[in-house]
Amino acid sequence: MTSFSSWTPIAIWAPAKAVSGIGPYLGVRRSNTPQFFYAMVMNRTDEEWKRQLDPQQYKVLRGKATEPAFTGKLLHNKEKGVYVCAGCGTELFSSDAKYDSGSGWPSFWTALAKDKITEIPDHTLGMERIEIKCKNCGGHLGHLFDDGPQPTGMRYCVNSLSLGFKKKDTK
Ligand code: FE
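Quick look at the structure, then.

1. Some thoughts on the overall build of the chain
- Counting its regular elements, the chain contains 3 helices and 11 strands.
- Counting from the amino terminus, helix and strand elements in the chain follow one another as β-β-α-α-α-β-β-β-β-β-β-β-β-β.
- Here the chain holds 171 residues, and the buried ones make up 30% of them.
- The contacts in the chain between residues at least 6 apart in sequence include a share of 55% that link residues at least 24 apart.

Laid out in structure tokens, this is it:
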């Protein structure tokens, strides 16, 4: 998995093949946030995503598929740490907010930060749902429901395939 989330570029030149539709090179003058990499990730072509992700992850993250319930590797993960986007490495959920919803998918009652996730009305399959995506790379995560536990009452229902896990360093 490629992670750009911890980079703090000052002056970096990157090959434009990572940035579709923008000249041969894209110059970044100064940034104390990884916005340049955000732009780079968001502009990744479908071919590039296909190369980066394994086929199952690609279907979920880029094709909005849903993994079969109770199959996800992280469903029963009880370790302390941070759940990241499997597409771009952005930290999305804390193990502190993970709970067993009984749904068959990893569930969280809150995200690490609301601005890391895009909420989009989803009318497919004859249902009114809210799709959740990684704001950084646009990867499909799952859906947001209002039947979660307190204090939020929300359930971020996330495909295990959309997530990576960074175990908390307890040393
Ligand atoms: Fe992402």
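2. Notes on the sheet that holds strand E8 (residues 129–134)
- Spatial strand order, E5-E6-E10-E9-E8-E7: 6 strands in an open sheet with antiparallel pairing. Each end of this open sheet is capped by a strand with a single partner; those strands are strand E5 (98–99) and strand E7 (117–122).
- Taken together, the 6 bridges between E7 and E8 define a ladder with antiparallel strand orientation. Each bridged residue has a counterpart across the sheet, and for Asp122 the counterpart in E8 is Arg129.

3. Concerning the sheet that holds strand E4 (residues 91–94)
- The strand order across the open sheet built from 3 strands is E4-E3-E11, with neighbouring strands paired in antiparallel fashion. Of all the strands in the sheet, the pair left with one neighbour each is E4 and strand E11 (163–167). Geometrically, the sheet is characterised by an average inter-axis angle of 35 degrees between neighbouring strands, direction not taken into account.
- Pairing between strand E3 (residues 81–85) and E4: 3 bridges, direction antiparallel. Across the sheet, Val84 pairs through a bridge with Glu91, a residue of E4.

4. Some thoughts on the environment of Arg44
- Of note, Arg44 is situated in the loop between helix H1 (35–42) and helix H2 (46–52).
- Arg44 sits 93 residues away from Cys137 along the chain, and the two C-alpha atoms are 8.5 Å apart.

5. Observations regarding the pairing of E8
- Adjacent in sequence and paired antiparallel, E7 and E8 are bridged by 6 residues, among which Leu125 carries a positive phi angle near 60 degrees.
- Strand direction decides the pairing type here: E8 and strand E9 (residues 140–145), joined by 4 bridges, are antiparallel. Bridge assignment links Ile130 to a residue of E9, and that residue is Leu144.
- Linking E8 back to E9 in an antiparallel pair, the connection comprises 5 residues, with Gly138 at a positive phi of about 80 degrees.

6. Here's the deal with unusual backbone geometry
- Following Gln150, the chain continues into Pro151 via a peptide bond in cis, with omega recorded as 10 degrees.
- A positive phi angle is found at Lys64, which is not glycine, with a value near 60 degrees.
- Structurally, Lys64 is set in the loop between helix H3 (55–61) and E3.
- At Phe70, a position not held by glycine, the phi torsion is positive, near 65 degrees.
- On the secondary structure map, Phe70 appears in the loop between H3 and E3.
- On the basis of neighbour counts, which here come to 12 C-beta atoms within 10 Å, the residue Phe70 falls in the exposed class.

7. Examining the environment of Glu119
- Mapped onto the elements of the fold, Glu119 is located in strand E7.
- Between the C-alpha atoms of Glu119 and Cys134, which are 15 residues apart in sequence, the distance is 9.2 Å.

8. Points about the pairing of strand E10 (residues 155–158)
- Residues Arg155 and Cys157 line one face of E10 and the alternating positions Tyr156 and Val158 line the opposite face, and both faces are buried.
- Examined bridge by bridge, strand E6 (residues 107–108) and E10 share 2 bridges and lie antiparallel to one another. Along E10, the bridge assignment pairs Ser107 with Cys157.
- Pairing of E9 with E10, which is carried by 4 bridges, proceeds in the antiparallel orientation. Following the sheet pairing, Phe145 is matched in E10 by Arg155.

Rules used throughout
- Residues numbered from 1 in each chain as written.
- Predicted model: local features only at pLDDT ≥ 70, side-chain atom pairs only at ≥ 80, totals over all residues.
- Helix = DSSP H or I, 4+ residues; strand = E, 2+ residues; numbered from the N terminus.
- Buried ≥ 20, exposed ≤ 12 C-beta atoms within 10 Å, placed from the backbone.
- Contact = placed C-beta atoms within 7 Å.
- Pairing = 2+ DSSP bridges.
- Axes fitted to C-alpha atoms, helices over the stretch in contact; angles between N-to-C directions.

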